[in-house]
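# Commentary on secondary and tertiary structure
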Amino acid sequence: MITPTALFAFDTLLTEEEREIRNTVRRVCDREIRPHVAEWFETGELPARELARTLGSLGVLGMHLEGYGCAGMGAVSYGLACLELEAADSGLRSLVSVQGSLAMYAIWKYGSEEQKQEWLPAMAAGERIGCFGLTEPDFGSDPAGMRTTAKREGGDWVLNGTKMWITNGSVADVAVVWARTDEGVRGFLVPAGTPGLTVNDVKHKISLRASVTSELVLDGVRLPDAALLPGARGLSGPLGCLNEARFGIVFGAMGAALDCLETAIAYAGDREVFAKPLASYQLTQEKLADMALELGKGLLLAVHLGRLKEAGTITPEQVSAGKLNNVREALEIARKCRTLLGASGITLEYPVIRHAVNLESVLTYEGTSEIHSLVLGKALTGIAAFH
Ligand SMILES: Cc1cc2nc3c(=O)[nH]c(=O)nc-3n(C[C@H](O)[C@H](O)[C@H](O)COP(=O)(O)OP(=O)(O)OC[C@H]3O[C@@H](n4cnc5c(N)ncnc54)[C@H](O)[C@@H]3O)c2cc1C
């Protein structure tokens, strides 16, 4: 027998250091996350502060950023960490993506020196949590329509509006909020507890239940000029952050898929149907072979994009291609694995249905699959079909 990753000699594409990082993250997930994650999912409650500190000491928060207490690792190392985290649960990888690639990256890339010193070391250590507020109730795929405003009043800024579907919202110490100003879209750091900021959690989720999702209501939130991110002007600011987070998803989605496939292979070996192991039937083997192929292709694509990112040549269209393909295929793999587990596949005793419903969110956030198709369509034809 051979594992799905060994079929593609996946490890030969990685350096020794990258394999070590992957194994360390996997060990911590096995010890600290996997024993509890189904319960967090079922209850919809997770110890986010404690988890952030665990992930901070593991060094995965902002691990691809340089300086300010961040590990400064390469893109493939970061991707492999996302893969292992998402093999445990997409909600956990979401916490890390939002912290490192959205909130910390925004401060690291666009912040003042004072903002970086104030937030980044504590966020890298997991002592402080960040969230990223771009989406609004009426504007998700089209953030250019945002209604949240920031107006100058004397030396201050006053923010009004509502942000929706914000990961880490109610556990965040700081929200990176994007708002419309007279000079176009600008980013602001809004500390938790600022008067006028109300945070409400989204309840009744069926997906990403081991993740905090919130609404941020900004009602006359007054901020000093020092809260403005000086380096971000226009929508390219938040879109630059999203590109970072999407890259992590290219790897992460394959982690969820791998966990499903390994579970299904083990289950099919044990489960007897019509007096023979389920794994011995040709229909089963075709399903497993097809899934292994898509998993392998997705992993190869992820590493290829990682090397392009390390070389500094990756384009947003390439990240879109990776996000679209790998999340779509991961979801297909999760659904097919679910069929192999029969009725057991609908319980939280196995991780498969949890991954499947989580991946529904992953298909939608960080650019829906339709939007990434349109990005590729534009790249291939030169015609933008968004409007
Ligand atoms: C669990 C979760 C966590 C999230 N975390 C965050 C976060 O931390 N921060 C944040 O800012 N946002 C976050 N989001 C929001 C997410 O980014 C948006 O949900 C996403 O961008 C889609 O926006 P929407 O839900 O408003 O859907 P819509 O934009 O209303 O889209 C609805 C449907 O229309 C399709 N569509 C849209 N435009 C077109 C078009 N031009 N042509 C054809 N079809 C189109 C879409 O693909 C989709 O199928 C999160 C969402 C979820 C579910």
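Here, the structure is the one placed above.
Below is a short write-up of the structure. If you're wondering where the values come from, they're calculated on a predicted model, not measured in any experiment.

## So, the layout of surface pockets
Taken as a whole, the largest pocket holds about 1300 Å³ of empty space. Taken together, 48 residues make up the lining of the largest pocket; nearest its centre are Gly140, Leu242, Arg246, Glu366 and Gly367. The class makeup of the residues in the lining of the largest pocket is 21 nonpolar, 18 polar and 9 charged.

## Here we look at the packing of aromatic side chains
Think of a pair of aromatic rings as described by two things: how far the centres are apart, and how the planes are tilted against each other in angle. Scanning the entire structure with this criterion turns up 6 aromatic pairs. What links up through ring pairs into an aromatic cluster is the set Tyr110, Phe132 and Trp178. We note Lys276 situated over the ring of Tyr281; from NZ or CZ to the ring centre the distance is 4.7 Å.

## Some points on helix α6 (residues 113–124)
Under the 1.5 Å per step criterion, the end-to-end length of α6 is 16 Å for 12 residues, consistent within 8% with the ideal 16 Å. For α6, every residue scored as buried is listed here: Gln115, Lys116, Trp119, Leu120, Ala122, Met123 and Ala124. Lining the buried residues of α6 we find α3 (48–58), α5 (90–110), β1 (130–133), β4 (174–181) and β5 (184–191). The first or second residue beyond α6 is Gly126, which carries a positive phi of 80 degrees.

## Re unusual backbone geometry
Of note in this structure, Asn168 is not a glycine but carries a positive phi near 70 degrees. Considering the arrangement of structural elements, one finds Asn168 in the loop between β3 (156–167) and β4. The phi torsion at His204 lies on the positive side, around 60 degrees, for a residue other than glycine. Structurally, His204 can be placed in the loop between β6 (197–201) and β7 (213–224).

## Overview of the side chain of Ser369
Considering the arrangement of structural elements, one finds Ser369 in helix α11 (residues 369–381). Those residues within four positions of Ser369 in sequence are excluded, and the remaining contacts are Leu324 and Leu363.

## Some thoughts on the packing of helix α7 (residues 236–270) against helix α9 (residues 316–340)
Packing of α7 against α9 leaves a shortest axis separation of 8 Å and a crossing angle of 20 degrees. Relative to α9, the element α7 is oriented roughly parallel. α7 and α9 meet at a crossing whose hand is left-handed. For the pair α7 and α9, the contacting residues are Asn243, Arg246, Phe247, Ile249, Val250, Ala253, Met254, Ala257, Cys260, Leu261, Ala264 and Tyr267 in the first and Pro316, Val319, Gly322, Lys323, Asn326, Val327, Ala330, Ile333, Ala334, Cys337 and Leu340 in the second. Split by residue class, the contact of α7 with α9 holds 18 nonpolar, 3 polar and 2 charged.

## Quick look at the pattern of salt bridges
According to the stated counting rule, one finds 21 salt bridges in the structure shown. Put simply, Glu244 and Lys309 hold a salt bridge, and the shortest N to O gap is 3.0 Å. With a gap of 65 residues between them, Glu244 in helix α7 and Lys309 in helix α8 (residues 282–311) connect regions that are remote in the sequence. Between Glu294 and Lys297 there is a salt bridge, and its shortest N-O distance comes to 3.0 Å. Linking Glu294 with Lys297, this pair stays in helix α8, spanning 3 residues, or about one helical turn. When its relative accessible area of 22% is taken as the criterion, Glu294 is described as partly exposed. Classification of Lys297 as partly exposed rests on a relative accessible area of 46%. Taken together, the shared-partner salt bridges in this structure form one network comprising Glu18, Arg307 and Glu310.

## Some words on the site of the ligand
Neighbouring the ligand are 18 residues, the closest being Thr135, Ser141, Trp165, Thr368 and Glu370. Between the ligand and the protein, one listed contact pairs a nitrogen atom with a side-chain N or O atom of Thr167 at 2.8 Å. Using a 2 Å cut-off from the grid points, one finds that the ligand occupies the largest pocket.

Basis of the calculations
- Residues numbered from 1 in each chain as written.
- Predicted model: local features only at pLDDT ≥ 70, side-chain atom pairs only at ≥ 80, totals over all residues.
- Heavy atoms only, no water.
- 1 Å grid on protein atoms, 1.4 Å probe; cavity = no way out; pocket = protein on both sides within 12 Å on 5 of 7 lines; lining within 4 Å.
- Points joined across faces, edges and corners; volume = space filled by probe spheres on them.
- Nonpolar A, V, L, I, M, F, W, Y, C, P; charged D, E, K, R; others polar.
- Phe/Tyr/Trp six-rings, centres within 6.5 Å; stacked < 30°, edge-to-face > 60°.
- Lys NZ or Arg CZ within 6 Å of the ring centre and 35° of its normal.
- Helix = DSSP H or I, 4+ residues; strand = E, 2+ residues; numbered from the N terminus.
- Expected span 1.5 Å × (residues − 1).
- Buried < 20%, exposed > 50% of the residue type's maximum accessible area, 1.4 Å probe, protein only.
- Contact = heavy atoms within 4.5 Å.
- Axes fitted to C-alpha atoms, helices over the stretch in contact; angles between N-to-C directions.
- Parallel < 35°, antiparallel > 145°, perpendicular 65-115°, else oblique.
- Left-handed = near helix turned anticlockwise from the far one by under 90°.
- Salt bridge = Lys/Arg side-chain N within 4 Å of Asp/Glu carboxyl O.
- Near = heavy atom within 4 Å.
- Polar contact = N/O pair within 3.5 Å; in protein donor to acceptor, adjacent residues only side chain to side chain.
- Sits in = over half its atoms within 2 Å of the grid points.

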